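Letter by letter, the chains look like this.
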Amino acid sequence: GESVGLHLPTLSVQEGDNSIINCAYSNSASDYFIWYKQESGKGPQFIIDIRSNMDKRQGQRVTVLLNKTVKHLSLQIAATQPGDSAVYFCAEKETSGSRLTFGEGTQLTVNP
Amino acid sequence: DTGVSQDPRHKITKRGQNVTFRCDPISEHNRLYWYRQTLGQGPEFLTYFQNEAQLEKSRLLSDRFSAERPKGSFSTLEIQRTEQGDSAMYLCASSPTVVTEAFFGQGTRLTVV
């Protein structure tokens, strides 16, 4: 079936470095993508989204890149801070649909 | 706090018992979702409401599971005859439209012993 997955299950970076978290998706009909951050014991927290008519979107310290040709999504976090340590999920959906499909998640650890 | 609220936060129950969880979405959101998340995995879609109408159900939602949203506001998720495999985090989310992000609650952690 269709799926969304992540290339790296864990990522460890030094405080102040930039982080890049990758995601591959296989549903070519997906046209809306979201990155969520989830801290231990909490629900997923919205970070940034992007629609398929865009290839880049920037937020505060975060940038999402979308490459529809190879069905790849990435989240870039600038000047990573200890508070960024969490599990990051990409999620995709079709505009005509209701459900989000999540990948497995990447554990980001920021070392001081 | 005007976010999505879930109650209880934690529930421990014996196998075979029934449990019910409650979700209060963001007040102006007419779309409400239930997801289940097991350790180390991403959330999996269970069901979706638009106002009081349940419009979509996942195959994960067996006949032991039932969800309601009687007045188009809060929602309940009931699991009958719980099994150990039901142990998971049950997440509720809401959104104002189908094409925007869903905002999640803190979840209800269910442990079946």
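Residues numbered from 1 in each chain as written. Chains lettered and ligands numbered in written order. Predicted model: local features only at pLDDT ≥ 70, side-chain atom pairs only at ≥ 80, totals over all residues. Heavy atoms only, no water.

A closer look at the interface of chain A and chain B
Keep this limit in mind: The contact criterion used is simple: two residues touch if any of their non-hydrogen atoms lie within 4.5 Å. Defined in terms of a 1.4 Å probe, buried area is the accessible area two parts forfeit on being brought together, summed over both. Basic side-chain nitrogens of Lys or Arg form a salt bridge, by our definition, when they fall within 4 Å of a carboxyl oxygen of Asp or Glu. Polar contact is the term for a pair of N or O atoms within 3.5 Å; when the atoms are in protein, one must be able to donate a hydrogen and the other to accept it, and sequence-neighboring residues count only if both atoms are side-chain atoms. Runs of H or I in DSSP of at least four residues are treated as helices and runs of E of at least two as strands, each being numbered from the N terminus. Throughout this entry, Asp, Glu, Lys and Arg are counted as charged residues, while Ala, Val, Leu, Ile, Met, Phe, Trp, Tyr, Cys and Pro are counted as nonpolar. The remaining residues, Gly among them, count as polar.
Across the boundary between the two partners, chain A contributes 21 residues, which contact 23 residues of chain B. Between chain A and chain B, a total of about 1700 Å² is buried, with carbon and sulfur atoms accounting for 51% of that surface. If you look at where chain A meets chain B, you find one salt bridge. Here Arg99 of chain A and Glu56 of chain B are joined by a salt bridge, their closest N and O atoms 2.8 Å apart. Along the contact surface separating chain A from chain B lie eight residue pairs in polar contact (both at pLDDT 80 or more). Mapped by element, the contributors of at least two residues to the side of chain A that touches chain B are β4 (32-38), β5 (45-51) and β9 (86-93) of chain A. A total of four residues in the side of chain A that touches chain B trace back to one element, the largest contributor, which is β4 of chain A. Class assignment of the residues belonging to the side of chain A that touches chain B gives a composition of eight nonpolar, seven polar and six charged.

A closer look at the state of the cysteines
All names here are of chain A. Definition in use: In plain terms, two cysteine sulfur atoms within 2.5 Å form what is called a disulfide here. Accessible area is worked out with a 1.4 Å probe on protein chains only. A residue is then buried under 20% of its type maximum, exposed over 50%, and partly exposed in between.
Evaluated as defined, the whole model comprises two disulfides over all chains. Here Cys23 engages in a disulfide with Cys90; their sulfurs sit 1.8 Å apart. Since a negative S-S torsion denotes a left-handed disulfide, the Cys23-Cys90 link at about 50° is right-handed. Separated by 67 residues along the polypeptide, Cys23 in strand β3 (residues 19-25) and Cys90 in strand β9 bring together distant segments of the chain. For the pair Cys23 and Cys90, one class covers both residues: buried.

By themselves these figures say nothing about function.
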